[in-house]
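Each chain is listed here by its residues.
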Amino acid sequence: MRDLKKTSVLAGAVLAFAVSTLANAATWRYAHEEYKGDVQDVYAEKFKQYIEENSKHKVKIYRFGELGESDDIMEQTQAGILQFVNQSPGFTGALIPEAQIFFIPYLMPTDMTTVIEFFRKSKAINKDFPQLYAEQGLELLKMYPEGEMVVTADEPVTTPEGFANKKIRVMTNPLLSSTYEAFGAVPTPLPWGEVYGALQTNMIQGQENPIFWIESGKLYEVSPNLIFTRHGWFTTAMMANQDFYDNLSAREQKLVRRAADYAFEAIIKHIDGLADRSLQKITAASDKVTVTRLDEAQIARFKSRAPQVEQTFVEMTGKRGKALLEQFKRDLGKVMEKE
Ligand code: 6CS
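Residues numbered from 1 in each chain as written. Predicted model: local features only at pLDDT ≥ 70, side-chain atom pairs only at ≥ 80, totals over all residues. Heavy atoms only, no water.

Undergrad: Could you give an account of the overall build of the protein, naming the residues involved and the relevant values?
TA: Regarding its fold elements, the protein presents 14 helices and 10 strands. Principal-axis analysis of the C-alpha atoms gives the protein an extent of 95 × 45 × 35 Å. Counting the 339 residues in the protein, one finds 53% classified as buried. Within the protein, contacts between residues separated by at least 24 positions form 76% of all contacts whose residues are at least 6 apart in sequence. Positive and negative charge centroids in the protein, built from 40 and 45 side chains respectively, lie 8 Å apart. (Helix = DSSP H or I, 4+ residues; strand = E, 2+ residues; numbered from the N terminus. Buried < 20%, exposed > 50% of the residue type's maximum accessible area, 1.4 Å probe, protein only. Contact = heavy atoms within 4.5 Å. Lys, Arg positive; Asp, Glu negative; His and termini not counted. Charge placed at Lys NZ, Arg CZ, Asp CG, Glu CD.)

Undergrad: How would you sum up the packing of aromatic side chains? Please name residues and give values.
TA: As enumerated under the stated definition, the model contains 23 aromatic pairs in all. Here Tyr35 and Phe64 contribute two aromatic rings whose centre-to-centre distance is 5.7 Å and whose plane-to-plane angle is 70°, an arrangement assigned as edge-to-face. One end of the pair, Tyr35, is in the loop between strand E1 (27-31) and helix H2 (39-54); the other, Phe64, is in the loop between strand E2 (58-62) and helix H3 (70-78), and 29 residues separate them in sequence. Consider the rings of Tyr50 and Tyr262, whose centres lie 5.3 Å apart with planes at 45°: the pair is tilted. Taken together, the residues Tyr50 in helix H2 and Tyr262 in helix H11 (residues 250-271) connect sequence positions 212 residues apart. Residue Tyr262 is classed as partly exposed on the basis of its relative accessible area, which comes to 32%. One aromatic cluster is present, built from ring pairs that chain together Phe102, Phe118, Phe119, Phe129, Tyr133 and Phe328. In this structure, Lys60 packs its charged tip against the face of Tyr62, placed 4.8 Å from the ring centre. (Phe/Tyr/Trp six-rings, centres within 6.5 Å; stacked < 30°, edge-to-face > 60°. Lys NZ or Arg CZ within 6 Å of the ring centre and 35° of its normal.)

Undergrad: I'd like to hear about helix H7 (residues 174-182), residue by residue, with values.
TA: The element H7 is extensively covered by neighbouring structure, given that 7 of its 9 residues are classed as buried. Every buried residue of H7 is accounted for by Leu175, Leu176, Ser177, Ser178, Thr179, Tyr180 and Ala182. As for H7, its buried residues are in contact with strand E4 (138-153), strand E5 (167-170), strand E6 (186-189), strand E7 (206-210) and helix H14 (306-337). Two or three places before Leu175, at the opening of H7, Asn173 has a side-chain oxygen 3.1 Å from that residue's backbone nitrogen. The first or second residue beyond H7 is Gly184, which carries a positive phi of 95°. (Polar contact = N/O pair within 3.5 Å; in protein donor to acceptor, adjacent residues only side chain to side chain.)

Undergrad: Explain the confidence of the model for the protein to me, and be specific about the residues and the numbers.
TA: Per-residue pLDDT for the protein has a mean of 94; in total, 93% of the residues score no lower than 70. Here residues 15-22 scores under 50 on pLDDT; set against residues more than four positions off or in separate chains, the count is 1 contact. (pLDDT = per-residue confidence, 0-100.)

Undergrad: So what about unusual backbone geometry? Which residues, and what values?
TA: If you check the backbone angles, Asn202 has positive phi at about 65° while not being a glycine. The backbone of Lys218 shows a phi angle near 55°, a positive value even though the residue is not glycine. If you trace the backbone, Lys218 turns up in the loop between helix H9 (211-216) and strand E8 (225-228). Exposure remark for Lys218: the relative accessible area of 32% places this residue in the partly exposed category.

Structure representation (structure tokens):
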């Protein structure tokens, strides 16, 4: 009788444990801004894989368009409808003006090894930005690079004068508009969903993006002149709703952080050589495409316009932005001196 009691107590405990584990097993919703197989999607898939292999939780991924534009998925995350979101600083300017720092031209180095080292080590990236995102109810989990920015246009532009009267689409942040003004163009902020159509109908005459995205979004079909200006890197950011994150157990928070690190390492491998592979696909798919790599003298002319954009960044963001910029430069200096 006593044994029977013991067995049933044990069975009850096992059942209770199973029920509590099941009850705690959740499906976390994660939205990003890109298509299947693109950089943000690879990141999301790796994050999901880590979570699902190391816990009972599931991750459901939503890609571009399934839940709206970038601004929509950010709103849904702040409202707690989504648990995770990948939104690029290019769209975060209204919410966190300091995130526009990535659009000061020629601030970032172009060499990939240095860029990656910067993302790994930078205090501005890993300490200062999480505080800025936290003020907006967001737990910043990772910032990572996707690829070097390349301009596409209706002509192979090589000078600021060449951009005169050209409407160049920019992501929706004011500092990026200042950059293209400084470059001599007419900046035109648009959400992603409108870019292909606007190029096709000549409402705009160009845009900027990393090569993998120009290939994936087939932008070269309607904007075939690729111009390597070397003025910056496309950076993105992955984060969680902060209430959701704060309510996780310490173990789960560690799981989420480890998943974000795991996905970051996968992305570093994924983007290595991606631009070259994408460029090959583009040139194989279209004979209209031209590739222009600005030489040092041509770059110098665009670069000479960078200080005015930096000044605008400081005016837009005040003391805090200035301090962030100084930290950013110190961090860059450290990784560049090691080169
Ligand atoms: O240009 C854009 O809007 C898009 N570019 C990339 C590389 N990712 C997502 C973003 O929406």
